[in-house]
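# Structural overview for review
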Amino acid sequence: MKGVLINAKSKKFEVIEKNFLPIEWGFYWHEKFETYKLDPYHPNNVFTMSSGVLPIVGGHRLVFTFKSPLWDGFYFSTLGGAGYQFKKTGLTHLAIVGKAEKPSLVVIDNGNIELFEVKEEFSSVYELTDYIVKNFKDKNLRSVVVGEASKKTSMGALFSQTIRGGKRVEGSEDWAARGGGGSVLYRAHNILGIVFYGDKEEELEEEAKKIIENYYKEKFIKVVIEHTKKYRFDEKTGTGGTFGNNWILYKEKVPIFNWRMPYISKEEREKILKVIFKNYLEVFNKEAIETKNWANCGEPCPVVCKKYRNKNKVDYEPYAANGTLLGIFDLYEVDKVMKKVDSLGFDAIEIGNLMAWIFELLDVGLLKEEDLGIKKPIFNYKIVAEGDLEKIKEMSEHNSEQALTFIDNLIKQELEIYKILALGKRKAGKILNEKFKYRVKEKKFNDYAVYVAKGSWGEIGSNLYWTPGFFIPLPIHGKYLTYYKPEFLEPEKLAELIVDSIKLEMTIENLGMCRFHRRWVKPVLKELGKKILGREDIERDSIELYRKIAEFNKKTGEPEKIESERVKDLIVGLAKEYDNKEWIEKFKDKEMVNEYIKRVLDKYSELLNVDWRLRV
């Protein structure tokens, strides 16, 4: 495998030939440059990009690593399909250090590298992508770019879209969004994007197929389709993709109104779910599923997991974060918010969690309309539970208008408060507690925010699932390296299931494999690793890497107790949802929530042989 270290300042390149897996490559450079000592926007905060290494369908994700300006530690994020084009350059890995003198693109042509200065300004990731297509026409290219969110906030994502016939392919949009990787690429390195093209062909695909077909005694494509119904089309539910199926799977536990679920009865949440089914799911099924507006991420994958409608790619978490979490229950109104979130290149989960927090702060009076230049949202769940569609539409229109104005203000940063909010919820909450301490009475600003904390400043907003696994402060948070089925378990049992999940999820991430293919690939991972990559035990290697990341990330801060009253209430609420009488009784003292977390992390540390414990 061939990799290259690019110094964006000196424009010098160093080729490295060694068999790193994608996350191994990134971690190697972060250890070498000791990035735990550095500010996330220091030019030596190495930004790495690698292609998936398994020559099979689903094996061509791009994997990015960096020190996260949100999590304040080593982090990785991935997007689909683009590795298919990146491998054609003859490279598997790249790493960027140093800061370019002018805003630039890194351009890779069959392994040849140049920095291309960009003098124009662009208002969206789509405009920048079109500019690249125009300037590098006649090339079978793909690009990864950043948007305005990366320039102005710590929530900048990395965007990529399939290019075919000189045009962006609708529905193929993909994002490596979590952790603020786009912000690091731009603010640490002055790089607007990476452009790559080449004509080198991949080998060993037939050998990989043979391993899979020998195990399943079925044709490879049939195996893939049979094990990915949720993401393609599930006949049992009559829908497809994460947006179609997750509302059905998580039912009345889906996040709404800045995670206020613990304070809303199950009966009322069930009424709200009926509105979601009508205003979200019925519209989605009619406009995306019945029309078969399905696409893939750029590699020839039969799952076609990407569902699109109304010129928007529609996924569960981004739409929940910028829809139900904001009190927007009209799908067309969420479309408006998502168009702006995506075009500016935000991590949709992070910005949605931030806005939901701000909406509630306005609702309870800790923030005022004049502080932010937006109107107070309508944050009344009873309007939805009562089912008056006209009032629901009015509320949705009002809240979407406030969200759009908020996003514009966050980018412009004409008001000082938006510079604070651009840092993320936890940092902003601590600053606002002091700035408006005369307003703070029983609850602080942070008490209304949903995040998991690490060290003094690290945090990332939780994924959109009301489940204990997403509120445990693990070494890498905000991804699926946890157990997240909807249930409440004893802490030691939860730890066991988290570790089981990490063994699979970390291995898949380290290979650059799409997790939508995890069900069929799990039984053959070791054999693929051994015969295709020459790794004796790919799972063991990946878990050893995970342990090293945990120790590395401790240097920037250990796991912290739950700071937010809202997160405590979410965990307490889950014990009540599942009628766990023992923990309901214990949780009468809310500090017992941290005892629950401590026991999870004690068992987790024991099972993984790491020291990642809560110091209560």
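Our subject is the structure listed above.
Described below are features of the structure shown in this document. Model, not experiment: these values are computed from the prediction.

## Describing the overall build of the protein chain
- Secondary structure summary: the protein chain contains 24 helices and 19 strands in total.
- In terms of C-alpha radius of gyration, the protein chain reaches 23 Å, essentially the compact-globule figure of 25 Å for 616 residues.
- Its C-alpha atoms put the protein chain at 60 × 55 × 50 Å along the principal axes.
- By the burial criterion, 65% of the 616 residues in the protein chain qualify as buried.
- Once local pairs closer than 6 in sequence are excluded, the contacts in the protein chain between residues at least 24 apart make up 69%.
- As presented, the protein chain carries roughly 23100 Å² of accessible surface, and 47% of it is formed by carbon and sulfur atoms.
- A distance of 1 Å separates the average location of the 102 positive side-chain charges in the protein chain from that of its 95 negative side-chain charges.

## Examining helix α12 (residues 348-364)
- Between the first and last C-alpha of α12 there are 24 Å, a value that for 17 residues agrees with the 24 Å anticipated at 1.5 Å per step.
- Buried residues dominate α12, accounting for 15 of its 17 residues.
- Among the residues of α12, the N-terminal cap falls to D347, whose side-chain oxygen and the backbone nitrogen of I349 are separated by 3.0 Å.
- The positive-phi residue at the C-terminal boundary of α12 is G365, with phi of around 95°.

## A short note on the side chain of E350
- Counting through the fold element by element, E350 comes out in helix α12.
- There is a polar contact of 3.2 Å between the side chain of E350 and the backbone nitrogen of G461.
- The contact partners of E350, leaving out residues within four places of it in the chain, are L70, M155, R178, K425, E459, I460 and G461.

## Some details on the sheet that holds strand β5 (residues 74-79)
- The six strands are arranged β2-β1-β6-β3-β4-β5 in an open sheet whose pairing can be described as mixed. Lying at the two open borders of the sheet, with one neighbouring strand each, are β2 (12-17) and β5. Taking the axes of each pair of neighbouring strands and ignoring which way they run, one obtains an average angle of 15° across the sheet.
- With six bridges joining them, strand β1 (residues 2-7) and β2 adopt antiparallel strand pairing. Within β2, the residue paired with N7 across the bridge is K12.

## Focus: a negative patch on the surface
- Taken together, E386, D388, E390 and E394 make up a surface patch of like negative charges.
- With respect to the helices, strands and loops of the structure, E386 is situated in the loop between α14 (381-385) and α15 (389-412).

## A short note on the packing of helix α9 (residues 266-289) against helix α11 (residues 331-343)
- Taken N-terminus to C-terminus, the directions of α9 and α11 make an angle of 80°; their axes are 9 Å apart at the nearest point. Between α9 and α11, the angle falls in the class roughly perpendicular. Residues N279, Y280, V283, F284 and E287 of α9 touch α11, and the partners they reach there are L331, Y332 and V334.

About the thresholds
Residues numbered from 1 in each chain as written. Predicted model: local features only at pLDDT ≥ 70, side-chain atom pairs only at ≥ 80, totals over all residues. Heavy atoms only, no water. Helix = DSSP H or I, 4+ residues; strand = E, 2+ residues; numbered from the N terminus. Rg over C-alpha atoms; globule rule 2.2 N^0.38 Å. Buried < 20%, exposed > 50% of the residue type's maximum accessible area, 1.4 Å probe, protein only. Contact = heavy atoms within 4.5 Å. Areas by Shrake-Rupley, 256 points an atom, 1.4 Å probe, with all protein chains shown as cover. Lys, Arg positive; Asp, Glu negative; His and termini not counted. Charge placed at Lys NZ, Arg CZ, Asp CG, Glu CD. Expected span 1.5 Å × (residues − 1). Polar contact = N/O pair within 3.5 Å; in protein donor to acceptor, adjacent residues only side chain to side chain. Pairing = 2+ DSSP bridges. Axes fitted to C-alpha atoms, helices over the stretch in contact; angles between N-to-C directions. Patch = residues over 30% accessible without salt bridge, like charges linked within 9 Å, V, L, I, M, F, W, Y side chains within 5 Å. Salt bridge = Lys/Arg side-chain N within 4 Å of Asp/Glu carboxyl O. Parallel < 35°, antiparallel > 145°, perpendicular 65-115°, else oblique.

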